[in-house]
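Fold and contact review
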Amino acid sequence: MGTTGPRRRNRTVTAVVAASAAVVVACGVTGFLVLRDDGGEGNAKAGTEPAATGSASPDGTDRSAAGSGSGPLVPGWNTVVNAKRGITFDVPASWARQSASWVSYVAEDDDPEEKPLVAMMAPAVLKEKWCTSDDDRNGTEEDTPLASTGTTGEKGSKSAAEAAEDTAKTWVYGAYTQPDRTRLTIGEPESYRTKTGVEGSLVTVTSSGSAKKGKCDTDGKAMTFAFKNAAGGFVSWTYFGAHGVPDEVSDTTIRQILGTVRLFKEGDGEG
(Lines give C-alpha, C1' and ligand atoms only; values in the text may rest on other atoms or scores of the structure.)
Protein backbone atom coordinates (compact mmCIF):
# COMPACT_ATOMS: atom_id res chain seq x y z
CA MET A 1 0.00 0.00 0.00
CA GLY A 2 1.49 3.32 -1.03
CA THR A 3 1.00 6.70 0.59
CA THR A 4 -2.41 8.33 0.12
CA GLY A 5 -4.13 11.52 1.18
CA PRO A 6 -2.89 15.10 1.52
CA ARG A 7 0.40 16.20 2.97
CA ARG A 8 0.19 17.94 6.34
CA ARG A 9 0.99 21.62 6.10
CA ASN A 10 3.85 21.65 8.61
CA ARG A 11 5.56 19.00 6.49
CA THR A 12 7.06 17.04 9.40
CA VAL A 13 6.38 13.32 9.10
CA THR A 14 6.81 10.75 11.85
CA ALA A 15 7.12 7.01 11.46
CA VAL A 16 7.52 4.07 13.80
CA VAL A 17 10.21 1.65 12.68
CA ALA A 18 10.78 -1.98 13.60
CA ALA A 19 13.19 -4.19 11.68
CA SER A 20 12.96 -2.93 8.08
CA ALA A 21 9.31 -1.83 8.01
CA ALA A 22 7.55 1.26 9.27
CA VAL A 23 4.07 2.72 9.28
CA VAL A 24 3.47 6.42 8.90
CA VAL A 25 1.44 7.58 11.88
CA ALA A 26 1.14 11.31 11.34
CA CYS A 27 0.99 13.96 8.64
CA GLY A 28 -2.48 13.12 7.35
CA VAL A 29 -1.35 10.16 5.21
CA THR A 30 -1.52 6.42 5.56
CA GLY A 31 1.24 4.27 4.11
CA PHE A 32 4.37 2.25 4.69
CA LEU A 33 8.05 3.03 4.56
CA VAL A 34 11.13 0.91 4.27
CA LEU A 35 13.63 2.91 6.29
CA ARG A 36 17.28 1.90 5.96
CA ASP A 37 18.97 4.80 7.74
CA ASP A 38 18.24 8.03 9.59
CA GLY A 39 20.68 10.11 7.61
CA GLY A 40 18.38 11.93 5.20
CA GLU A 41 17.97 11.99 1.45
CA GLY A 42 17.78 8.63 -0.23
CA ASN A 43 17.50 6.70 3.01
CA ALA A 44 13.80 5.87 2.90
CA LYS A 45 11.30 4.95 0.24
CA ALA A 46 7.70 3.91 -0.11
CA GLY A 47 7.19 0.17 -0.04
CA THR A 48 4.67 -2.62 0.40
CA GLU A 49 5.95 -4.25 3.58
CA PRO A 50 3.29 -5.02 6.22
CA ALA A 51 3.24 -2.85 9.31
CA ALA A 52 5.51 -4.16 12.03
CA THR A 53 4.07 -5.11 15.40
CA GLY A 54 5.43 -4.63 18.89
CA SER A 55 6.98 -1.20 18.32
CA ALA A 56 5.95 2.17 19.67
CA SER A 57 2.48 3.48 18.86
CA PRO A 58 1.00 6.97 18.52
CA ASP A 59 -1.20 6.46 21.58
CA GLY A 60 1.78 6.73 23.92
CA THR A 61 2.65 3.06 24.39
CA ASP A 62 6.35 2.39 24.96
CA ARG A 63 7.40 5.95 24.11
CA SER A 64 10.42 6.17 26.42
CA ALA A 65 13.66 6.31 24.48
CA ALA A 66 15.83 6.13 27.57
CA GLY A 67 16.38 2.39 27.26
CA SER A 68 19.99 1.98 28.30
CA GLY A 69 22.14 5.07 28.61
CA SER A 70 23.85 7.17 31.22
CA GLY A 71 21.72 8.98 33.77
CA PRO A 72 20.81 12.62 33.09
CA LEU A 73 23.49 15.24 33.67
CA VAL A 74 20.83 17.74 34.73
CA PRO A 75 18.77 16.78 37.82
CA GLY A 76 15.12 16.21 36.93
CA TRP A 77 15.77 15.85 33.21
CA ASN A 78 15.35 12.67 31.16
CA THR A 79 17.85 10.86 28.97
CA VAL A 80 17.39 10.21 25.25
CA VAL A 81 19.46 7.54 23.47
CA ASN A 82 20.17 6.77 19.83
CA ALA A 83 22.23 3.60 20.30
CA LYS A 84 22.49 3.10 16.54
CA ARG A 85 24.43 6.35 16.21
CA GLY A 86 26.14 6.15 19.59
CA ILE A 87 24.65 9.36 21.01
CA THR A 88 22.98 10.27 24.30
CA PHE A 89 21.56 13.61 25.48
CA ASP A 90 19.09 14.94 28.05
CA VAL A 91 15.89 16.96 27.81
CA PRO A 92 13.67 18.71 30.39
CA ALA A 93 10.86 16.58 31.83
CA SER A 94 8.28 18.53 29.79
CA TRP A 95 9.66 17.09 26.53
CA ALA A 96 7.98 13.85 25.39
CA ARG A 97 10.53 11.22 24.46
CA GLN A 98 9.57 9.00 21.53
CA SER A 99 10.66 5.38 21.27
CA ALA A 100 14.13 4.41 20.07
CA SER A 101 12.51 3.23 16.81
CA TRP A 102 10.66 6.49 16.15
CA VAL A 103 11.75 8.56 13.15
CA SER A 104 10.81 12.13 12.21
CA TYR A 105 11.67 13.50 8.77
CA VAL A 106 10.79 16.16 6.22
CA ALA A 107 10.17 15.70 2.50
CA GLU A 108 9.32 17.93 -0.42
CA ASP A 109 5.64 18.89 -0.45
CA ASP A 110 5.20 17.70 -4.03
CA ASP A 111 7.03 14.38 -3.65
CA PRO A 112 4.49 11.53 -3.79
CA GLU A 113 7.09 9.07 -2.53
CA GLU A 114 7.85 11.11 0.61
CA LYS A 115 11.61 10.77 0.07
CA PRO A 116 13.20 12.21 3.23
CA LEU A 117 15.40 15.26 2.89
CA VAL A 118 16.65 14.78 6.45
CA ALA A 119 15.57 12.61 9.38
CA MET A 120 16.18 12.04 13.08
CA MET A 121 15.72 8.97 15.25
CA ALA A 122 14.41 8.73 18.81
CA PRO A 123 13.42 12.41 19.03
CA ALA A 124 12.01 14.29 22.00
CA VAL A 125 9.11 16.63 21.31
CA LEU A 126 7.88 19.71 23.13
CA LYS A 127 4.16 20.50 23.13
CA GLU A 128 3.13 17.86 20.60
CA LYS A 129 -0.24 19.57 20.08
CA TRP A 130 1.06 23.13 20.16
CA CYS A 131 -1.11 24.00 17.15
CA THR A 132 -3.94 21.99 15.57
CA SER A 133 -5.47 22.75 12.19
CA ASP A 134 -7.35 21.36 9.21
CA ASP A 135 -6.04 23.72 6.56
CA ASP A 136 -7.08 21.54 3.61
CA ARG A 137 -10.57 21.14 5.12
CA ASN A 138 -10.69 17.40 4.61
CA GLY A 139 -12.12 16.77 8.05
CA THR A 140 -8.87 15.53 9.57
CA GLU A 141 -7.07 17.78 12.03
CA GLU A 142 -3.28 17.62 12.25
CA ASP A 143 -1.10 18.54 15.19
CA THR A 144 2.03 20.66 14.93
CA PRO A 145 4.56 20.50 17.79
CA LEU A 146 6.40 23.54 19.08
CA ALA A 147 9.83 21.96 18.82
CA SER A 148 11.73 18.70 18.46
CA THR A 149 15.26 17.48 19.08
CA GLY A 150 16.99 14.31 17.99
CA THR A 151 20.03 12.75 16.38
CA THR A 152 21.08 11.80 12.87
CA GLY A 153 23.74 9.89 10.98
CA GLU A 154 25.79 12.11 8.65
CA LYS A 155 27.01 9.56 6.14
CA GLY A 156 28.94 11.17 3.31
CA SER A 157 29.80 14.39 5.13
CA LYS A 158 33.39 15.55 4.72
CA SER A 159 33.52 17.70 7.85
CA ALA A 160 31.56 18.52 10.98
CA ALA A 161 30.96 22.07 9.75
CA GLU A 162 29.56 20.84 6.44
CA ALA A 163 27.28 18.33 8.17
CA ALA A 164 26.01 20.87 10.71
CA GLU A 165 25.17 23.51 8.10
CA ASP A 166 23.52 21.14 5.65
CA THR A 167 21.37 19.44 8.28
CA ALA A 168 20.27 22.66 10.02
CA LYS A 169 19.28 24.44 6.83
CA THR A 170 17.47 21.36 5.51
CA TRP A 171 15.31 21.12 8.64
CA VAL A 172 14.31 24.78 8.41
CA TYR A 173 13.66 24.57 4.68
CA GLY A 174 11.77 21.29 4.88
CA ALA A 175 9.62 22.12 7.89
CA TYR A 176 9.05 25.86 7.49
CA THR A 177 9.98 27.60 4.23
CA GLN A 178 9.65 25.28 1.27
CA PRO A 179 9.55 25.80 -1.61
CA ASP A 180 11.34 29.10 -0.82
CA ARG A 181 15.06 28.80 -0.02
CA THR A 182 15.64 32.56 0.04
CA ARG A 183 14.24 33.02 3.55
CA LEU A 184 17.10 31.22 5.30
CA THR A 185 19.73 32.97 7.40
CA ILE A 186 22.68 30.64 7.88
CA GLY A 187 25.05 31.35 10.74
CA GLU A 188 28.78 30.77 10.65
CA PRO A 189 29.97 27.42 12.06
CA GLU A 190 31.23 27.73 15.63
CA SER A 191 33.44 25.32 17.50
CA TYR A 192 31.61 23.74 20.41
CA ARG A 193 32.51 21.41 23.26
CA THR A 194 29.87 19.67 25.38
CA LYS A 195 30.04 19.11 29.13
CA THR A 196 31.54 15.67 28.58
CA GLY A 197 34.17 16.87 26.15
CA VAL A 198 32.58 16.01 22.81
CA GLU A 199 33.95 18.50 20.27
CA GLY A 200 32.40 19.47 16.98
CA SER A 201 30.82 22.21 14.92
CA LEU A 202 27.58 24.08 15.67
CA VAL A 203 25.49 25.93 13.08
CA THR A 204 22.30 27.92 13.65
CA VAL A 205 19.81 28.55 10.83
CA THR A 206 16.67 30.67 11.05
CA SER A 207 14.02 31.81 8.61
CA SER A 208 12.14 35.09 8.33
CA GLY A 209 9.21 36.26 6.27
CA SER A 210 8.06 32.78 5.29
CA ALA A 211 4.65 32.57 3.62
CA LYS A 212 1.89 31.86 6.14
CA LYS A 213 -0.62 29.80 4.19
CA GLY A 214 -2.05 27.89 7.14
CA LYS A 215 -3.02 28.45 10.76
CA CYS A 216 0.07 26.71 12.15
CA ASP A 217 2.65 28.12 9.73
CA THR A 218 5.56 29.99 11.32
CA ASP A 219 9.17 30.76 10.68
CA GLY A 220 11.63 28.17 11.90
CA LYS A 221 14.92 27.75 13.70
CA ALA A 222 17.39 24.88 13.77
CA MET A 223 20.63 24.34 15.63
CA THR A 224 22.78 21.38 14.58
CA PHE A 225 25.88 20.13 16.38
CA ALA A 226 27.92 17.71 14.26
CA PHE A 227 30.79 15.60 15.55
CA LYS A 228 32.36 12.15 15.32
CA ASN A 229 31.00 9.23 17.33
CA ALA A 230 33.07 6.49 18.92
CA ALA A 231 33.21 4.63 15.60
CA GLY A 232 34.74 7.66 13.87
CA GLY A 233 31.70 8.50 11.75
CA PHE A 234 30.08 11.91 11.55
CA VAL A 235 26.78 12.20 13.44
CA SER A 236 24.73 15.13 14.63
CA TRP A 237 22.29 16.40 17.24
CA THR A 238 19.63 18.87 16.07
CA TYR A 239 17.03 21.13 17.63
CA PHE A 240 14.34 22.55 15.35
CA GLY A 241 11.23 24.50 16.22
CA ALA A 242 8.95 27.45 15.62
CA HIS A 243 10.75 30.80 15.47
CA GLY A 244 9.42 34.25 16.26
CA VAL A 245 6.48 33.04 18.35
CA PRO A 246 5.77 34.06 21.98
CA ASP A 247 6.58 30.63 23.43
CA GLU A 248 9.63 29.94 21.27
CA VAL A 249 12.21 27.80 23.06
CA SER A 250 14.97 30.07 24.33
CA ASP A 251 18.52 29.85 23.09
CA THR A 252 19.57 29.27 26.70
CA THR A 253 17.41 26.15 26.99
CA ILE A 254 18.53 24.84 23.60
CA ARG A 255 22.17 25.19 24.62
CA GLN A 256 21.49 23.53 27.97
CA ILE A 257 20.18 20.50 26.10
CA LEU A 258 23.08 20.65 23.65
CA GLY A 259 25.56 20.74 26.50
CA THR A 260 24.43 17.27 27.61
CA VAL A 261 25.25 15.58 24.29
CA ARG A 262 27.65 12.71 24.86
CA LEU A 263 28.80 9.43 23.36
CA PHE A 264 26.70 6.38 24.15
CA LYS A 265 28.28 3.19 25.36
CA GLU A 266 26.49 -0.16 25.53
CA GLY A 267 26.00 -1.20 29.13
CA ASP A 268 25.62 2.29 30.56
CA GLY A 269 23.02 2.56 33.31
CA GLU A 270 19.42 3.50 32.50
CA GLY A 271 18.60 7.21 32.37
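Cut-offs and rules
- Residues numbered from 1 in each chain as written.
- Predicted model: local features only at pLDDT ≥ 70, side-chain atom pairs only at ≥ 80, totals over all residues.
- Heavy atoms only, no water.
- Pairing = 2+ DSSP bridges.
- Helix = DSSP H or I, 4+ residues; strand = E, 2+ residues; numbered from the N terminus.
- Phe/Tyr/Trp six-rings, centres within 6.5 Å; stacked < 30°, edge-to-face > 60°.
- Buried < 20%, exposed > 50% of the residue type's maximum accessible area, 1.4 Å probe, protein only.
- Lys NZ or Arg CZ within 6 Å of the ring centre and 35° of its normal.
- Expected span 1.5 Å × (residues − 1).
- Salt bridge = Lys/Arg side-chain N within 4 Å of Asp/Glu carboxyl O.
- Contact = heavy atoms within 4.5 Å.
- Polar contact = N/O pair within 3.5 Å; in protein donor to acceptor, adjacent residues only side chain to side chain.
- pLDDT = per-residue confidence, 0-100.

Looking now at the sheet that holds strand S18 (residues 262–263). Across the sheet, three strands lie side by side as S5-S6-S18; this open sheet has antiparallel pairing. Whereas interior strands pair on both sides, the edge strands pair on one side only; in this sheet they are strand S5 (78–82) and S18. Where S5 meets strand S6 (residues 87–91), five bridges bridge the pair, whose relative direction is antiparallel. Within S6, the position partnered with Asn78 by the bridge is Val91.

Applying the stated criterion across every chain yields a total of four aromatic pairs. Ring centres of Phe89 and Trp237 lie 6.5 Å apart, and the angle between their planes is 80°; this geometry places the pair in the edge-to-face category. Here Phe89 is found in strand S6, whereas its partner Trp237 is found in strand S17 (residues 234–243), with 148 residues between them in sequence. Between the aromatic rings of Trp171 and Phe240, the centroid separation amounts to 4.3 Å while the plane-to-plane angle is 10°, which identifies the pairing as stacked. Separated by 69 residues along the polypeptide, Trp171 in helix H1 (residues 160–177) and Phe240 in strand S17 bring together distant segments of the chain. Phe240 carries the same exposure label as Trp171, and that label is buried. In this arrangement the basic side chain of Arg181 is found over the ring face of Tyr173, its NZ or CZ atom lying 3.8 Å from the centre.

A cis amide bond links Gln178 with the next residue in sequence, Pro179, at an omega value of 10°. Tracing the chain through its elements places Pro179 in the loop between H1 and strand S13 (184–186).

Let's shift gears to H1. Here H1 contains 18 residues, and its C-alpha end-to-end distance of 24 Å stays within 8% of the 26 Å for a straight helix at 1.5 Å per residue. Where burial is concerned, most of H1 is hidden: 13 out of the 18 residues are buried.

Enumeration according to the criterion identifies ten salt bridges in this entry. For Asp90, the salt bridge identified is with Arg262, shortest N-O distance 3.0 Å. You can see Asp90 sitting in strand S6 and its partner Arg262 sitting in strand S18, a full 172 residues away along the chain. Here Asp180 makes a salt bridge to Arg183, at a shortest N to O gap of 3.3 Å. Given a relative accessible area of 36%, Arg183 falls into the partly exposed group. Shared partners join several salt bridges into a network, and the residues in it are Glu190, Lys221, Asp251 and Arg255.

The next subject is helix H2 (residues 251–259). Along H2, the positions that sit buried rather than exposed are Ile254, Ile257, Leu258 and Gly259. For H2, the secondary structure elements touched by its buried residues are S6, strand S7 (95–97), strand S14 (190–193), strand S15 (199–207), strand S16 (219–228) and S17.

Glancing now at the side chain of Arg97. Inspection of the secondary structure puts Arg97 in strand S7. Residue Arg97 is classed as buried on the basis of its relative accessible area of 17%. A distance of 2.8 Å separates the side chain of Arg97 from the backbone oxygen of Thr79, its partner in a polar contact.

Looking at the protein chain, pLDDT values average 77 and 72% of them are 70 or higher. Contacts for the low-pLDDT stretch residues 16–37, under 50 throughout, to residues beyond four places or in other chains number 89 contacts.

Of all five residues in S5, four are buried, a share of seventy percent or more. Linking S5 back to S6 in an antiparallel pair, the connection comprises four residues, with Gly86 at a positive phi of about 75°.

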